[in-house]
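# Coordinates in review
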Amino acid sequence: MTVKRNVEGLRQNAQKKRQEALEKVEQGIRKLLKEGRAINFNTLASAAGVSKAFLYKEAEIKERVELLRSQEAHKKPQSKQSISDASTNAIVRTLRDRIKKLEAEIRDLRKQNEAAYGQIIEINSLRQQVGRLQIENDRLRQQVPKDDNRGLRQQEAAGIESEVRSLGIELNTTIHRLIQSAPPEIVTEAIKTLREAVAENRVENRAGFLNKAIRDAWKPNENQEEVQHELFNKWFAWAKERGLATASIQGDTEIMILTADEYWIPFSQAIREYPMPS
């Protein structure tokens with residue numbers, strides 16, 4: 001009687017362990033499917049925590065594993081290929097659309113640059129024409145016949161020479177000849193221009209300044225462009241040597257500077273941001 005109870009207990013215990021193992025296998029299958037991992041005897045035994053011998057022994061489980069493994073072998077390569085093709089096609093379409101858009105933008109920018117460059121060339125040409133006409137006009141003005149009243153002319157020259165001396169300029173042969181030969185109004189305006197430049201501390205060589213002012217028939221406030229040009233030449237050489245500026249171009253109203261950061265800014269702004277040491 002005792003032996004019979006022991007056998008029955010062992011049988012029930014074995015049945016319980018088998019059922020627990022089957023539940024573990026079921027959980028292992030669900031886990032592998034959820035994680036998208038391959039299902040075979042090795043992976044299932046590891047995921048369920050059972051032996052491969054148990055899987056082979058259970059006919060129903062063995063059949064199920066072989067079925068899942070067969071389905072995975074046929075389905076997975078097709079799925080990967082399908083996803084890969086779709087992804088590649090989408091990338092190709094996106095890149096082609098982007099290339100078309102960039103090509104259109106490049107064409108528009110080229111047209112804009114060509115138009116702007118043409119306007120700059122035309123403006124520079126007009127500036128040169130104006131400069132040549134101004135020089136010719138000044139020369140013609142200097143060729144106006146001298147006043148026959150030599151006494152009055154000499155008095156004017158003497159007064160002008162006295163004013164020149166008051167500015168601290170030595171009357172050398174060149175200055176004297178210019179004052180004697182140029183029309184009095186031109187010399188007077190040149191002296192006014194010199195006084196204005198001295199007051200603004202823009203003159204290093206007064207005699208040279210007056211010489212150029214008489215020859216070019218300067219008037220007050222009209223030689224700013226010349227002074228600005230000299231200042232630009234000094235500053236640009238200094239800034240380029242230090243890597244602060246790389247190029248320049250004449251704009252509509254003033255010279256434009258290309259900085260080391262590749263930004264175009266007006267010369268007036270550049271000299272404020274990068275002042276030369278005094």
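Residues numbered from 1 in each chain as written. Predicted model: local features only at pLDDT ≥ 70, side-chain atom pairs only at ≥ 80, totals over all residues. Heavy atoms only, no water.

## With respect to the overall build of the chain
What the chain contains, in helices and strands, is 10 helices and 3 strands. Across the chain, helices and strands are ordered from the amino to the carboxyl terminus as α-α-α-α-α-α-α-α-α-β-β-β-α. A burial count over the chain gives 22% of its 278 residues as buried. Counted over contacts in the chain with a minimum sequence separation of 6, partners at least 24 positions apart contribute 51%. Within the structure as shown, the chain displays about 20,200 Å² of accessible surface, and the carbon and sulfur contribution to it stands at 51%. (Helix = DSSP H or I, 4+ residues; strand = E, 2+ residues; numbered from the N terminus. Buried < 20%, exposed > 50% of the residue type's maximum accessible area, 1.4 Å probe, protein only. Contact = heavy atoms within 4.5 Å. Areas by Shrake-Rupley, 256 points an atom, 1.4 Å probe, with all protein chains shown as cover.)

## A short note on the pattern of salt bridges
Tallied over the full model, the rule gives 8 salt bridges. Note that E26 and R64 form a salt bridge whose closest N and O atoms lie 2.6 Å from each other. Note that E26 is positioned in helix α1 (residues 2-35) and R64 in helix α4 (residues 59-142), a separation of 38 residues in sequence. Via salt bridges that share partners, E26, R30 and R64 belong to a single interconnected network. (Salt bridge = Lys/Arg side-chain N within 4 Å of Asp/Glu carboxyl O.)

## Considerations on the packing of helix α6 (residues 173-181) against helix α8 (residues 206-215)
One way to put it is that α6 packs onto α8 with a least axis distance of 10 Å and a crossing angle of 30°. By the angle between their directions, the pair α6 and α8 is classed as roughly parallel. The way α6 lies across α8 gives a crossing that is left-handed. Residue-level inspection shows T174, I175, L178 and I179 of α6 in contact with α8, the latter providing A207, L210, N211, I214 and R215. Classifying every residue of the contact of α6 with α8 by side-chain character gives 6 nonpolar, 2 polar and 1 charged. (Axes fitted to C-alpha atoms, helices over the stretch in contact; angles between N-to-C directions. Parallel < 35°, antiparallel > 145°, perpendicular 65-115°, else oblique. Left-handed = near helix turned anticlockwise from the far one by under 90°. Nonpolar A, V, L, I, M, F, W, Y, C, P; charged D, E, K, R; others polar.)

## Focus: the side chain of T259
Within the secondary structure layout, T259 lies in strand β2 (residues 255-259). By relative accessible area, which is 6% here, T259 ends up buried. With sequence-adjacent residues up to four places away left out, T259 is seen in contact with L244, A245, T246 and I265.

## Considering helix α2 (residues 41-48)
Within the span of α2, buried status applies to F41, T43, L44, A45 and A48. Between a side-chain oxygen at the N-terminus of α2 and the backbone nitrogen of N42 the separation is 3.0 Å; the capping residue is N40. One or two residues past the end of α2 sits G49, with phi positive at roughly 75°. (Polar contact = N/O pair within 3.5 Å; in protein donor to acceptor, adjacent residues only side chain to side chain.)

## Digging into the packing of helix α7 (residues 184-199) against α8
In contact at an axis separation of 9 Å, α7 and α8 are set at 140° when each is read in the N-to-C sense. Overall, the two elements α7 and α8 adopt an arrangement that is oblique. Here α7 runs over α8; the crossing is right-handed. Where α7 abuts α8, its residues I186, V187, A190, I191, T193, L194, A197 and V198 lie against R206, F209, L210, A213 and I214.

## Quick look at the environment of G243
Residue position: G243 is located in the loop between α9 (224-241) and β1 (245-250). On the basis of relative accessibility, which here comes to 41%, the residue G243 falls in the partly exposed class. Here the alpha-carbon distance between G243 and T259, two residues 16 residues apart in the chain, equals 8.4 Å.

## So, the pairing of β2
Across the 5 residues of β2, 4 count as buried, placing the element largely inside the fold. Two elements, β1 and β2, share 5 bridges in a ladder whose sense is antiparallel. The residue of β2 that forms the bridge with A245 is T259. Pairing between β2 and strand β3 (residues 264-266): 3 bridges, direction antiparallel. In the sheet register, L258 faces β3, and the bridge partner there is W264. Adjacent in sequence and paired antiparallel, β2 and β3 are bridged by 4 residues, among which E262 carries a positive phi angle near 65°. (Pairing = 2+ DSSP bridges.)

By themselves, these observations are geometric and do not establish any function.
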